[in-house]
Amino acid sequence: MEILKIIREFVPDAGICSFERIKEHLLPCRAKSRLPEHPKSVILMIFPYRFPDSPGRNLSRYACVPDYHTVAGEVLNAAAQRCEESFPGYQFIPFMDNSPIPEVKAAALSGLGVIGQNGLLIHPKFGSFLFLGELVTDLPLTPTGDTVRHCYGCGNCVTACPGSCLPGGERETCVSAISQKKGELTETETALLKKGGLIWGCDRCQEACPLNREAVIDPHPCFTD
């Protein structure tokens, strides 16, 4: 498909999901107003961010790279511009993080991977250490998948979670959320943060996932330039 050839000049992998499949699950946010008037397709793009581990690392891996909103966002914007030049008359609206699109569900529907018990997308090559971005377009495109698939549910991530908040548990005990909380922490929160072992974020569930064991370490160039 011509458009995927264009997109893969910017990212290592991409997929297409029909907007019809996710329109009933849009997230409430201001960015929703930026959607095309008649959206037809969602192009999902992955941005792997994992680097080889450094001795003494005390931050979650996602916090060890440049702000993805900025560097990956620039790539996303460039891809949108290229698509609009290649398909005149159609819109390609970029979204990243602050998005009305349920990204993980849409990425799974596009065939980019399975959804883990921790709610993350697990790509067959890069595992779950990746950011997602998308272009929503009014150009009708053939989806690259049509079914949401889940991991085989070994439970390793559930067992490894310091806050015992998987699957689908309370965010109040999520160590990653606690590490980003403003204000004074409770004794329980402080104990959970120490248990997690990092001063920002938490990678325990991803580290325990067997689908991440053979994940390729090849971060997107936007994190290395």
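See the structure shown above.
Read on for a plain summary of the structure. Since the structure is predicted, the reported quantities are computational estimates derived from the model, not experimental observations. (Residues numbered from 1 in each chain as written. Predicted model: local features only at pLDDT ≥ 70, side-chain atom pairs only at ≥ 80, totals over all residues. Heavy atoms only, no water.)

A few points about helix H2 (residues 68-86)
Line of reasoning, step 1. Taking 1.5 Å per residue as the helical rise, H2 with its 19 residues ought to reach 27 Å, and the 26 Å between its terminal C-alpha atoms agrees with that figure.
Line of reasoning, step 2. Residues Tyr 68, Val 71, Ala 72, Gly 73, Val 75, Leu 76, Ala 79, Ala 80 and Cys 83 constitute the buried set of H2.
Line of reasoning, step 3. Looking at the buried side of H2, the elements it contacts are helix H1 (2-7), strand E2 (41-48), strand E3 (92-95) and strand E6 (130-137). (Helix = DSSP H or I, 4+ residues; strand = E, 2+ residues; numbered from the N terminus. Expected span 1.5 Å × (residues − 1). Buried < 20%, exposed > 50% of the residue type's maximum accessible area, 1.4 Å probe, protein only. Contact = heavy atoms within 4.5 Å.)

Let's talk about the pairing of strand E1 (residues 14-18)
Line of reasoning, step 1. Counting buried residues along E1, 5 of its 5 residues qualify, which places the element largely inside the surrounding structure.
Line of reasoning, step 2. When E1 meets E2, the two strands line up antiparallel, connected through 5 bridges. Among the inter-strand pairings, Ala 14 is bridged to a residue of E2, identified as Met 45. (Pairing = 2+ DSSP bridges.)

Topic: the sheet that holds E3
Line of reasoning, step 1. Taken together, 4 strands build an open sheet; the order of strands is E1-E2-E6-E3 and the sheet is antiparallel. In the strand order of this sheet, the two ends are held by E1 and E3, each with one partner. Ignoring strand direction, the axes of neighbouring strands in this sheet form an average angle of 25 degrees. (Axes fitted to C-alpha atoms, helices over the stretch in contact; angles between N-to-C directions.)

Some words on the layout of surface pockets
Line of reasoning, step 1. For the largest pocket, the calculated volume is near 1,300 Å³.
Line of reasoning, step 2. Along its surface, the largest pocket is lined by 42 residues, and Tyr 62, Asn 118, Leu 120, Arg 171 and Ser 176 are the ones closest to its centre.
Line of reasoning, step 3. Secondary-structure elements contributing two or more residues to the lining of the largest pocket are H2, helix H3 (103-109), E6, helix H5 (175-179) and helix H7 (204-208).
Line of reasoning, step 4. Looking at the lining of the largest pocket residue by residue, the classes come out as 23 nonpolar, 12 polar and 7 charged. (1 Å grid on protein atoms, 1.4 Å probe; cavity = no way out; pocket = protein on both sides within 12 Å on 5 of 7 lines; lining within 4 Å. Points joined across faces, edges and corners; volume = space filled by probe spheres on them. Nonpolar A, V, L, I, M, F, W, Y, C, P; charged D, E, K, R; others polar.)

Structural measurements only, silent on function.
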